[in-house]
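Here's the letter readout for the chains.
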Amino acid sequence: MLRVTGLDKTFTLHLQGGRTIPVFHQAGFAVRAGECVVLAGASGVGKSTLLRLVYGNYKAAAGEVWVRHRDAEVDLVTADPRTVFAVRRETMGYVSQFLRCLPRVPAVDVVAEPLLALGVARDEARVRARVLLQRLRIPSSHLDLAPATFSGGEQQRVNIARGFAHPYPLLLLDEPTASLDAANRATVVELIQEAKARGAALLGIFHDADVRDRVADRFVDVEAMRAAA
Amino acid sequence: MSVTGGPLLQVRGLSKHFGRILAVDDVAFDLWPGEVLAIVGESGSGKSTLLSLLAGRLAPDRGAVLYRAKDRGVEDVVTMDEPRRRVLARTEWGFVHQSPRDGLRLKVSAGANVGERLMAVGHRHYGNIRERALDWMTRVEIAADRIDDLPATFSGGMQQRLQIARNLVTEPRLVYMDEPTGGLDVSVQARLLDLLRGLVTELSLAVVIVTHDLAVARLLAHRMMVMQRGRVVELGLTDQVLDDPQAPYSQLLVSSILQG
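Residues numbered from 1 in each chain as written. Chains lettered and ligands numbered in written order. Predicted model: local features only at pLDDT ≥ 70, side-chain atom pairs only at ≥ 80, totals over all residues. Heavy atoms only, no water.

Observations concerning the overall build of chain A
Using the following cut-off: Where helices and strands are cited, they refer to DSSP runs of H or I of at least four residues and of E of at least two residues respectively, numbered from the N terminus. Here the radius of gyration uses the C-alpha set of atoms, whereas the globule reference equals 2.2 Å times the residue count to the power 0.38. We call a residue buried when its accessible area falls under 20% of the maximum for its residue type, exposed when it is over 50%, and partly exposed in between, using a 1.4 Å probe and counting protein chains only. Whether two residues are in contact is decided by their heavy atoms, any of which lying within 4.5 Å being enough. Per-residue accessibility takes into account occlusion by the displayed protein chains alone, with areas from the Shrake-Rupley method and a 1.4 Å probe. We score Asp and Glu as negative and Lys and Arg as positive, and we do not count His or the chain ends. Here the site of a charge means atom NZ of a Lys, CZ of an Arg, CG of an Asp or CD of a Glu.
Helix and strand content of chain A: 7 helices and 9 strands. Compactness check: chain A gives a C-alpha radius of gyration of 18 Å against a globular reference of 17 Å for 229 residues, within 12% of the reference. Dimensions of chain A along its principal axes, counting C-alpha atoms only, are 50 × 40 × 35 Å. Taken over 229 residues, chain A has a buried fraction of 50%. Across chain A, the fraction of contacts at a sequence separation of at least 24, relative to all contacts at a separation of at least 6, is 68%. Total accessible area computed for chain A in this model is approximately 9,900 Å², and 50% of it derives from carbon and sulfur atoms. For chain A, the distance from the average position of its 29 positive side-chain charges to the average position of its 25 negative side-chain charges is 4 Å.

Structure (structure tokens):
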């Protein structure tokens, strides 16, 4: 489902005299349908950077990121922007560490939005969003409020619901359980297991050892892909 | 996003001087139906000049603006005659100005401001025109009972929404926006952005939006073009340009945002 090969990444800090920070050299790994691969390594080793290189909000200097999309393989590093948007809309979801959304848009619409972009009718999208938000224990009274006023844990759950609203064949998860209590962590583990059961490929970062052990099929050692400093 | 027929707009080698100043220097890009492109950069970087060149309101020194017209094939905005450009400007294009006062007629009613564009494209039945004007006023969240009021009695945010209704009533395919949320309160801005986002998806609009507000660009645009002294220094996916800017000037721009 996802195949990364020969990926290089160096940050060039033009505002600091053009200082360069090499991060990855010849990084490579793969994620198959139905499995959850966990990026392992100490804090600061570049796990989130690797996830962003896959999603494409970080730009790779070299290498390929192949994703299976509409029965063909697409290299996201060289694909034209419209193809990247189609892959993000239909095939590859991303749950970031923090929720970023329009102020004043109700939680239910934040979650329904990726469905609307796929052409799901508004009413149906809202119903699916409500079900998911309630499953993640967002109080009914909050569903029609904008998440800006929610607690950190509630915002993270809105973010998770948004990521799981559409059954993406490939899902990237950046510490989805970081600020959640035990009951909600368990729900996220369930969602991940259901996604695996329907054949989704998942690539994630999990600091919580208990969650990690329950969802991981394999580990990828990010340290081993580091570029020499 | 429709994939048939190719890009809606193909811009090639567009340049414009003002005296010795090169305001727009060799700009090129494609825009597809349903795609929102944000042009960002500091004041004087050539953003608004570029927008005027694209809309044919200003003639370039060099370059082409190839527009794929409905049922007509590709036409060059730079070389087309003025009557044809005017027809496109009131049918297939929209232009939302920073100040609603530049895009509205303040001496006629809100309903007439919206209905006027319909009459310009040949609608004659008064009842239908009024009904569609009313429909669009509701869609931009202006109360129906304000239809006969003059825009001068509206707040800035309402005027801006009225300008958007006036532009969208003829169902254009391509809309140019020059700092559309510029002069508005933050709370009004958020609602307008939400409205624009919904309309872009619903109508599969292609939009070129000039803004100095990177948060607006992040929320609205698929792709982002960073301009400095008339040149495009970076063009990429919006989140890539904001999260991992490559050009020195893009890095400066992004690092200058206050974290809210």
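What follows continues from the structure just given.
Some words on the pattern of salt bridges
Residue and element names in this part refer to chain A. To keep things clear, this is the line we draw: When a carboxyl oxygen of Asp or Glu lies within 4 Å of a side-chain nitrogen of Lys or Arg, that pair is called a salt bridge.
Enumeration according to the criterion identifies 30 salt bridges over all chains in this entry. Between D210 and R214 there is a salt bridge, and its shortest N-O distance comes to 2.9 Å. Taken as a pair, D210 and R214 lie in helix α7 (residues 209–215) at a separation of 4 residues, close to a single helical turn. Among the residues examined, D210 registers a relative accessible area of 42% and is labelled partly exposed. Members of the salt-bridge network, linked through shared partners, are R32, E35 and R218.

Some words on helix α5 (residues 152–164) of chain A
Residue and element names in this part refer to chain A. We apply this condition: Expected span of a helix: the number of residues minus one, times 1.5 Å.
An ideal rise of 1.5 Å per residue puts 18 Å on 13 residues; α5 measures up with 19 Å between its terminal C-alpha atoms. When you tally the buried positions in α5, you get 10 out of 13 residues, the bulk of the element. Of the residues making up α5, those classed as buried are G153, E154, Q156, R157, V158, N159, I160, A161, G163 and F164. Tucked inside the fold, the buried residues of α5 contact β6 (92–95), α3 (107–117), α4 (122–135), β7 (170–174) and α6 (182–197).

Here we look at the interface of chain B and chain A
One frequent convention defines the size of an interface as the accessible area lost when the parts assemble. Counted only if it meets this: Here's the idea: put two parts together, see how much 1.4 Å probe accessible area each one loses, and the total over both is what we call buried area. Distance and chemistry together define a polar contact, namely a pair of N or O atoms within 3.5 Å, with one atom able to donate a hydrogen and the other to accept it when in protein, and with adjacent residues in sequence counting only for side-chain atoms on both sides.
Every contact between the two is made by 27 residues of chain B and, on the other side, 24 residues of chain A. Roughly 2,300 Å² of surface becomes buried between chain B and chain A when both sides are summed, with 60% attributable to carbon and sulfur atoms. Across the contact surface, chain B and chain A share 3 salt bridges. Between E113(A) and R197(B) there is a salt bridge; the shortest N-O distance is 3.0 Å. Scanning the region where chain B abuts chain A turns up 8 residue pairs in polar contact (both at pLDDT 80 or more).

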